[in-house]
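Notes for the structure review
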Amino acid sequence: VNLGVVLTNAPSNNYRPMAYVGAMMSYYEKTTDNFKRLNDEEWAALVEKNTLPERPDWVNVYLVDAKGNSRAQGRELPGIPYTGTGIGESVFPPDEFALLQNYPNPFNPSTIIVWQAPHAASTTLTIYDLRGRKITSLVDGVQTAGRHAVKWNAADQPAGVYFARLHTGQQTRTIKMLLVR
């Protein structure tokens, strides 16, 4: 069991972001002969003997070792995680300009930034540090109408507070992000 922290829009208080903390399931892979699935008792025996198989490397993005240190960078699974809950989807109608909160946040070392635009426009998405210094531009060009997402890998940046600034035509939005190590 791992401790998980999930940030999401709450179904009340005008959809203000909320943090939920609690236990999350662990994920292990074990190849067995003849496609035999281990039952709860067999898994319990592995735990008692301290002979659990290694976790797959793609879970390293959200796990730490027993001392709280980041695990070695594992492979990344392709795609962008779906985060819609159906609860707060109408908070930003498709005809509204919006920059959503990045996820995960806090993050280490990468995060997804999502925005939507009601029409095609010249768009810039720039990352700044706490002192206002430009770190990188993730988007700089004409973007189509609709919802967009981009991944920022901050592996080469120090831990701290960063800002993502989205500018499209006459509209600008900024979110605060926290990189932890």
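Residues numbered from 1 in each chain as written. Predicted model: local features only at pLDDT ≥ 70, side-chain atom pairs only at ≥ 80, totals over all residues. Heavy atoms only, no water.

Once that is clear, we can look at the overall build of the protein. A tally of regular secondary structure across the protein gives 1 helix and 9 strands. Along its sequence from the N terminus, the protein presents helices and strands in the succession β-β-α-β-β-β-β-β-β-β. Considering only residue pairs separated by 6 or more positions, the protein has 50% of its internal contacts joining residues 24 or more positions apart. Accessible surface, the protein as shown: approximately 12,300 Å² in total, 54% of it carbon and sulfur. (Helix = DSSP H or I, 4+ residues; strand = E, 2+ residues; numbered from the N terminus. Contact = heavy atoms within 4.5 Å. Areas by Shrake-Rupley, 256 points an atom, 1.4 Å probe, with all protein chains shown as cover.)

An order of β3-β4-β7 is seen for the 3 strands of this open sheet, with the pairing classed as antiparallel. Two strands close off the open sheet at either side, each with one partner strand: β3 (98-99) and β7 (146-153). Direction of pairing for β3 relative to strand β4 (residues 110-117): antiparallel, over a ladder of 2 bridges. Opposite L99, over in β4, you have W115 as the bridge partner. (Pairing = 2+ DSSP bridges.)

The next subject is the packing of aromatic side chains. For the structure shown, the criterion picks out 2 aromatic pairs. Summarising the aromatic geometry, the rings of W152 and Y162 are spaced 5.4 Å apart at their centres and angled 70° between planes, so their arrangement reads as edge-to-face. Of this pair, W152 sits in strand β7 while Y162 is found in strand β8 (residues 160-168), placing the two residues 10 residues apart along the sequence. Note on accessibility: W152 and Y162 belong to one class, buried. An aromatic cluster of three or more residues is present, and its members are F107, W152 and Y162. (Phe/Tyr/Trp six-rings, centres within 6.5 Å; stacked < 30°, edge-to-face > 60°. Buried < 20%, exposed > 50% of the residue type's maximum accessible area, 1.4 Å probe, protein only.)

Quick look at the sheet that holds strand β9 (residues 171-179) now. Strand-to-strand pairing in sheets goes through backbone hydrogen bonds, with the strands running parallel or antiparallel. Strand order in this open sheet of 4 strands is β6-β5-β8-β9, and the pairing throughout is antiparallel. Sheet topology places β6 (134-143) and β9 at the edges, where each strand pairs with a single neighbour. If you compare each strand with its neighbour and ignore which way they point, the axes differ by 15° on average. (Axes fitted to C-alpha atoms, helices over the stretch in contact; angles between N-to-C directions.)

Let us look at the pairing of β9. As defined by bridge partners, β8 adjoins β9 across 9 bridges and the pair is classed as antiparallel. Its bridge partner lying in β9, A164 is registered against I175. Counted along the chain from β8 to the antiparallel partner β9, the turn is 2 residues long, and its residue G169 has a positive phi close to 60°.

This brings us to the nonpolar core. Residues I113, W115, L125, I127, W152, A164 and M177 are the most contacted members of the largest nonpolar core, which totals 17 residues. At the level of secondary structure, the elements contributing two or more residues to this core comprise β4, β5 (121-129), β7, β8 and β9. Grouped together as the second largest cluster of nonpolar side chains are 5 residues, A98, L100, Y103 and V114 included. (Core = buried A, V, L, I, M, F, W, Y, C linked by side-chain atoms within 4.5 Å.)

The next thing to look at is the environment of V64. Among the secondary structure elements, V64 is positioned in the loop between α1 (40-48) and β3. In this structure V64 touches N69, S70 and R71, once residues within four positions along its chain are discounted.

Let us look at the confidence of the model for the protein. Here the protein averages 80 in pLDDT, and 79% of its residues register 70 or above. In the model, residues 85-90 has pLDDT below 50 throughout and makes 6 contacts with residues more than four positions away in sequence or in other chains. (pLDDT = per-residue confidence, 0-100.)

With that settled, consider a nonpolar patch on the surface. Taken together, V5, L7 and V21 make up a surface patch of nonpolar side chains, about 290 Å² in accessible area. The residue V21 is located in strand β2 (residues 17-24) in this model. (Patch = residues over 30% accessible without salt bridge, like charges linked within 9 Å, V, L, I, M, F, W, Y side chains within 5 Å. Salt bridge = Lys/Arg side-chain N within 4 Å of Asp/Glu carboxyl O.)

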